[in-house]
Amino acid sequence: ALLAQDCQVRLDYAMAVGLFDAGDYLTAKIMFGKTPGYEDSANLVLVCEFRIAYDNATKRIDNEDFEGAWSLLNSLKKDIADSGIDFNLVLDQSEFDAARDNCSKHISYNRGKSFFDQGLFYSAYLSFSNADGLLDADELALSCAQPIETGEIYVNPEYTENRVSVTFYAPVESGNSVCVRIYSGNDLASMLLIKAGEKLRIKLPDGMFSFNIGKGIDWYGEEEFFGLEGYYGTLIVDESNTTLLRKLKLLIPYYNYSFRFETEEGNLPSEEIKQSEF
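Residues numbered from 1 in each chain as written. Predicted model: local features only at pLDDT ≥ 70, side-chain atom pairs only at ≥ 80, totals over all residues. Heavy atoms only, no water.

Novice: Would you explain helix 7 (residues 121–130) in this entry?
Specialist: One turn of an α-helix holds 3.6 residues; hence residues three or four places apart share an orientation. Of the residues making up helix 7, those classed as buried are Phe121, Tyr122, Ser123, Ala124, Ser127 and Phe128. On its buried side, helix 7 packs onto helix 6 (93–117), helix 8 (137–142) and helix 9 (221–224). Just past helix 7, the residue Asp132 takes up positive phi, approximately 55°. (Buried < 20%, exposed > 50% of the residue type's maximum accessible area, 1.4 Å probe, protein only. Helix = DSSP H or I, 4+ residues; strand = E, 2+ residues; numbered from the N terminus. Contact = heavy atoms within 4.5 Å.)

Novice: What is the right way to read the nonpolar core from this model?
Specialist: Generally speaking, nonpolar side chains in soluble globular proteins are found buried as a group. Formed by 30 residues in total, the largest nonpolar core has its most connected members in Phe32 and Leu91. A per-element tally of this core places helix 3 (residues 41–62) first, with 8 residues. Ignoring sequence-local partners within four residues, the contact set of Phe32 consists of Tyr13, Ala16, Val17, Phe20, Ser41, Leu44, Val45 and Cys48. In terms of nonpolar packing, the next biggest core, distinct from the first, is built from 21 residues, Ile194, Phe209, Leu235 and Phe261 among them. (Core = buried A, V, L, I, M, F, W, Y, C linked by side-chain atoms within 4.5 Å.)

Novice: How should the side chain of Asn212 be read in this particular structure?
Specialist: In this fold, Asn212 is placed in strand 6 (residues 207–216). With relative accessibility at 6%, the residue Asn212 sits in the buried group. A distance of 3.2 Å separates a polar atom in the side chain of Asn212 from the backbone oxygen of Phe278. Apart from the residues within four sequence positions on either side, Asn212 is in contact with Cys179, Val180, Arg181, Tyr183, Gly233, Thr234, Ile273, Glu277 and Phe278. (Polar contact = N/O pair within 3.5 Å; in protein donor to acceptor, adjacent residues only side chain to side chain.)

Novice: Quick question: what am I supposed to make of the packing of aromatic side chains here?
Specialist: Aromatic rings in a pair are described by how distant their centres are and how their planes are angled relative to each other. Scanning the model with the defined rule gives 19 aromatic pairs in all. With a centroid separation of 5.1 Å and an interplanar angle of 75°, the aromatic rings of Tyr13 and Tyr38 are classed as edge-to-face. Residue Tyr13 is found in helix 1 (residues 2–21), and its partner Tyr38 is found in the loop between helix 2 (25–33) and helix 3; the two are separated by 25 residues along the sequence. Side by side, Tyr13 and Tyr38 carry an identical accessibility label, which is buried. Ring centres of Tyr122 and Tyr220 lie 5.1 Å apart, and the angle between their planes is 65°; on these two criteria the pair is classed as edge-to-face. On the criterion of sequence distance, the pair formed by Tyr122 in helix 7 and Tyr220 in the loop between strand 6 and helix 9 is long-range, its members being 98 residues apart. Under the relative-accessibility criterion, Tyr122 is labelled buried at 4%. (Phe/Tyr/Trp six-rings, centres within 6.5 Å; stacked < 30°, edge-to-face > 60°.)

Novice: Help me out: how do you make sense of the sheet that holds strand 9 (residues 256–260) in this one?
Specialist: Two pairing modes exist for strands in a sheet, parallel and antiparallel, and in both the strands are linked by backbone hydrogen bonds. A sheet is described by the order of its strands in space; here 3 strands give the open sequence 5-2-9, paired in mixed fashion. Strand pairing shows two members of the sheet lacking a second neighbour, strand 5 (199–205) and strand 9, which therefore form its edges. When strand polarity is set aside, the average angle formed by the axes of neighbouring strands in this sheet is 25°. (Pairing = 2+ DSSP bridges. Axes fitted to C-alpha atoms, helices over the stretch in contact; angles between N-to-C directions.)

Put into structure tokens, the structure is as follows:
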């Protein structure tokens, strides 16, 4: 009986190996499960599971479910590492890496298109750049920088008594365009964009205002401004003052004010802030 049992185990194992070599990993896993403790059956059960998971991932890639495939491949990589089995005994490392890279590029490309449609042009730029030349990703990345036209982008509709004239001059020397967000307390009073080398005159109501400025070369729209490559700060209008008042400017009715940035005639200092605080 023991001899017959031993023969059956050998036959089952041999059949499992044949099924494994033929790529039928599901049936092979079942057969290896019938020969516990024989040879390397325990490890081969795991290898079959890993091969099945990889096949599922590649099917998702074929169906353009790159997010799902990416998740499966990352889980598979961790599971193989946790098993202690040499990765190269399970899968071809270069083939596996190519599949993950393909998923990553497609995910970045698809996210780039989604961000672009939402007007998040800097996020789209980063995503298209991470797509690393997939399809027309490079061309789309270049298209994310928006045209810069000098003008007032936003005017608070509640401010109607605009009796103060303010002129802003953007630098020509550095090539930086400037975005200015003007606040009355926590309320945004105005937002304007000035192309490098140009100026803009606007009207504001009298009162106390603070001025946040963003500077950069490429403009990514009203949501993300100059991206992470830009500079963002709050103007210091009174350097002699150490309190919050140094960031506040009193605008007097019927006066004319000028703000110059990065020029020999005037280089207003600023305190750097995060893009999210702009």
